[in-house]
Amino acid sequence: MSTERLPISVLRRRFVPGRWDVVAFVLVFAALALLAHSAYGLTRPLSHLQAERISLSPWALPGYAAQTALRMLVAMGASLLFTFTYATLAAKNRRAAAVLVPLLDILQSVPILGFSFTIVFFLSLTPGRVAGAEMAAVFLVFTSQAWNMAFSFYHSLRSIPSELDEAARAFHLGPWMRFWRLELPFAMPALIWNMMMSMSGGWFFVVAAEAISVGHTTVTLPGIGSYIARAIAERNLGAIGWAIAAMTVVILIYDQVIFRPLIASADWFRLEQEVGLTPNRSWALTMMRRSRLLGLAAGAFSGVVRFGFNRGTAPNRVRTQRRSRLHDVLWYGALILAVALLAWFTARYILAHAPPRTVLHVAGLGLLTLLRVVVLIALASVIWVPIGVYVGIRPRLAAAVQPVAQFLAAFPVNLLFPVAVSGIVYFRLDPNIWLSPLMILGTQWYILFNVIAGASSLPNELKQVGENLRVGGWLWWRRIALPAVFPFYITGAITAAGGSWNASIVSEVADWGNKHLAAEGLGAYIANATRAGDFARTVLGIVVMSLFVVIINRAFWRPLYARAERKFRMS
């Protein structure tokens, strides 16, 4: 049929931009304008950045908020790329997993100050320019976002139901199409919640990422984090209030434009849909689906996915079995040798700069921090597991709770320093006890978000069986709820524990103007060593913290997750 015979209404729908195209154009244009402005600022001399003083005027906050939001968005994109490559390789290749999974344990245990040496590296990439400082800040935010997303995606790939795996094999899906048609859709619900948690984790450490000092090298980038750092240094409660307001606005924008549509679209990827349930709604998702401009971009992306279509064949396992055993022996032998050499060089370096007595002292500080982490994780589990199950099995409630939980998770612990320091000094309290709750402030939400994701994926048949058999009370929790969320809880608890270790560097040391409080612990040791520019002490603290986290994960959390994967897998 020619276009001349088409009704005017059809022609209008096909070729005339609608209201959603206008909204999409405004948002895309604003994003491009922000990118162009930021790209122009990358070429500025670093001396101008160092000469500029952070303004505490409320009128400066919109610009600072936009710059911080862009850095976190770029870091989120890098975290997604890291997750899709790193976690997929670890889940599909057992030889690679022998290296990548323990390495991920180590990376999540290294506090953000442990990556501060990268500031000098990135600055050297663009001598005298702001671009190096911006790359360093984005990388530091990346280190606070990527690890729990990778853990979540890895565990999702490991828990794909057997019937879905068999269906993919029956259709001869190759690795590329298997990823886009099975693995990513299956992992999407849990990944979306962990993306929100990662974004919140970026806010939690944004002060350390934008205003950080390493020895004689000081980098202060304009942003909400550096704004908060100066407000704390000057004890300006009014400025802190404006910073909280700016954070709230940015978090709400992220929720409406990014996370709300993701949550609404996650319903498409659930294995089962509850009959009669009203789906989550999002004006941004409606805009994306009805805008012709964004439709063209989505069509181009879909074409790229289809271009990678390939049909795979199952390998001949009998023929490759002997070769595989030989490769295993060579691979694990080389791996053991590499780990032994690395451990020897690290121990040699540490002992050359610190006597054994100092090493034992730092290990003792690690035990103090470990005690705080264990007590706080236990308390957070008792509180948030029941709440997470209650929210997760009620999708409408989960949609309402999500932005509130996201804001609370994003709340930087530094903003509580005025209350914490003033209260401890006024009431003459022990910092070793009363600074401890700050460690769990931002990381407890890993448990809540993962439990909500697990409860929301509870099969409808299981709910109906429980209702028909009138299973209630503790029996319902023991036979239905807790087994269903247990693998998700373990993932959240692992990342929460690792995050608590990281948070100790800003929680065991609190400053408010000229008042300084410190608790005995490994986090305070690393923070003080970094401030002093003592690289040897910083390395010692990071190595000890990494050893604690890796040993606990290997000896406690991993066996628990293996049991959950074996006994409670929904397949």
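These numbers were taken from a predicted model, which means no experiment stands behind them.

1. Some points on the overall build of the protein
- Across its full length, the protein holds 26 helices and four strands.
- Counting over 571 residues, the protein shows a buried share of 48%.
- Across the protein, contacts joining residues at least 24 apart in sequence account for 81% of those joining residues at least 6 apart.
- In the structure as shown, the protein presents an accessible area of about 28,800 Å², 68% of it carried by carbon and sulfur atoms.

2. Some thoughts on the environment of Leu237
- Topologically, Leu237 is positioned in helix α13 (residues 237–266).
- A residue is classified by how much of its surface remains accessible, and Leu237, at 57% relative accessible area, is exposed.
- With 178 residues separating them along the chain, Leu237 and Leu415 place their C-alpha atoms 9.4 Å apart.

3. Describing helix α7 (residues 130–143)
- In this model α7 runs 20 Å from its N-terminal to its C-terminal C-alpha over 14 residues, within 8% of the 20 Å that 1.5 Å per residue would give.
- Among the 14 residues in α7, twelve count as buried, and that is most of the element.
- Inspection of α7 places Val130, Ala131, Gly132, Ala133, Glu134, Ala136, Ala137, Val138, Leu140, Val141, Phe142 and Thr143 among the buried residues, and these make up the whole buried set.

4. A look at the pattern of salt bridges
- With the rule as written, the count across this model stands at eleven salt bridges.
- Asp165 is the partner of Arg169 in a salt bridge, and the nearest nitrogen-oxygen pair spans 3.1 Å. One end of the pair, Arg169, and the other, Asp165, are both in helix α9 (residues 162–170), four residues apart, so they sit about a helical turn from each other.
- The partner of Asp165 in a salt bridge is Arg178, and the shortest N-O contact between them spans 2.6 Å. You can see Asp165 sitting in helix α9 and its partner Arg178 sitting in helix α10 (residues 175–204), a full 13 residues away along the chain. Each member of the pair Asp165 and Arg178 is classed as buried.
- Through salt bridges with shared partners, a single ionic network connects Lys92, Asp165, Arg169, Arg178 and Glu183.

5. Regarding a nonpolar patch on the surface
- A cluster of nonpolar residues, Val22, Phe25, Val26, Val28, Phe29, Leu32, Leu35 and Leu293, forms a patch on the protein surface that exposes about 740 Å² of accessible area.
- Top contributing element to the nonpolar patch by residue count: helix α2 (residues 19–42), with seven residues.
- Note that Phe29 resides in helix α2.

6. Quick look at the confidence of the model for the protein
- Of all residues in the protein, 84% have pLDDT values of 70 or greater, and the mean over the chain is 79.
- Ranking the elements of the protein by mean pLDDT puts helix α1 (residues 8–15) last with 54 and helix α17 (residues 356–392) first with 92.
- Considering only residues more than four positions removed or in separate chains, one finds that residues 311–320, a stretch of pLDDT under 50, has seven contacts.

7. Comments concerning the nonpolar core
- Core analysis: the largest hydrophobic core is formed by 129 residues, its most contacted members being Trp203 and Tyr489.
- For this core, the element with the highest residue contribution is helix α24 (residues 473–507), accounting for 16 residues.
- Looking at which domains feed residues into this core, each of domain 2 (45–273) and domain 3 (330–571) supplies at least three.
- In this structure, Ile119, Leu123, Ala136 and Val219 belong to the second largest nonpolar core, which totals ten residues.

8. Let's talk about empty space enclosed by the protein
- In total, this model carries five cavities of 30 Å³ or more according to the counting rule given.
- Its boundaries defined by the atoms lining it, the largest cavity holds a volume of some 210 Å³.
- What lines the largest cavity is a set of 22 residues, among which Ser144, Phe205, Tyr446, Gly499 and Asn502 lie closest to the centre.
- Secondary structure elements with two or more residues in the lining of the largest cavity: α8 (146–158), α10 and α24.
- The residue inventory of the lining of the largest cavity, partitioned by class, reads ten nonpolar, twelve polar and no charged.
- Each of domain 2 (45–273) and domain 3 (330–571) accounts for three or more of the residues forming the lining of the largest cavity.

9. A closer look at the side chain of Ser144
- Relative to the helices and strands, Ser144 resides in the loop between α7 and α8.
- We classify Ser144 as buried; its relative accessible area is 11%.
- Every residue in contact with Ser144, bar those within four places of it in the chain, is listed here: Ser198, Gly201, Gly202, Phe205 and Tyr446.

10. What about unusual backbone geometry?
- You will see that Arg235, though not glycine, has its phi angle at about 55 degrees, which is positive.
- On the secondary structure map, Arg235 appears in the loop between α12 (224–233) and α13.
- Exposure remark for Arg235: the relative accessible area of 39% places this residue in the partly exposed category.
- Positive phi outside glycine occurs at Arg428, with the angle close to 55 degrees.
- With respect to the helices and strands, the residue Arg428 is situated in the loop between α19 (417–427) and α20 (431–434).
- Using a relative accessible area of 78% as the deciding quantity, one classes Arg428 as exposed.

11. Description of the environment of Leu89
- Looking at where Leu89 falls in the secondary structure, it is placed in helix α4 (residues 61–92).
- A C-alpha to C-alpha distance of 8.8 Å links Leu89 and Tyr154, two positions 65 residues apart in sequence.
- Dropping the residues within four chain positions of it, Leu89 is found in contact with Ala96 and Leu100.

12. Notes on the packing of aromatic side chains
- Under the counting rule described, the total for this entry stands at 17 aromatic pairs.
- Residues Phe82 and Phe142 carry aromatic rings whose centres are separated by 5.7 Å and whose planes lie at 90 degrees to one another, so their mutual orientation is edge-to-face. Placement of Phe82 in helix α4 and of Phe142 in helix α7 is noted, with a sequence separation of 60 residues between them. For the pair shown, Phe82 and Phe142 are each scored as buried.
- With a centroid separation of 6.0 Å and an interplanar angle of 25 degrees, the aromatic rings of Phe139 and Phe142 are classed as stacked. Of this pair, Phe139 and Phe142 are both found in helix α7, three residues apart, which corresponds to roughly one turn of the helix.
- Classification of Phe139 by relative accessible area gives partly exposed; the value is 25%.

Calculation criteria
- Residues numbered from 1 in each chain as written.
- Predicted model: local features only at pLDDT ≥ 70, side-chain atom pairs only at ≥ 80, totals over all residues.
- Heavy atoms only, no water.
- Helix = DSSP H or I, 4+ residues; strand = E, 2+ residues; numbered from the N terminus.
- Buried < 20%, exposed > 50% of the residue type's maximum accessible area, 1.4 Å probe, protein only.
- Contact = heavy atoms within 4.5 Å.
- Areas by Shrake-Rupley, 256 points an atom, 1.4 Å probe, with all protein chains shown as cover.
- Expected span 1.5 Å × (residues − 1).
- Salt bridge = Lys/Arg side-chain N within 4 Å of Asp/Glu carboxyl O.
- Patch = residues over 30% accessible without salt bridge, like charges linked within 9 Å, V, L, I, M, F, W, Y side chains within 5 Å.
- pLDDT = per-residue confidence, 0-100.
- Core = buried A, V, L, I, M, F, W, Y, C linked by side-chain atoms within 4.5 Å.
- Domains from an automatic or database assignment.
- 1 Å grid on protein atoms, 1.4 Å probe; cavity = no way out; pocket = protein on both sides within 12 Å on 5 of 7 lines; lining within 4 Å.
- Points joined across faces, edges and corners; volume = space filled by probe spheres on them.
- Nonpolar A, V, L, I, M, F, W, Y, C, P; charged D, E, K, R; others polar.
- Phe/Tyr/Trp six-rings, centres within 6.5 Å; stacked < 30°, edge-to-face > 60°.

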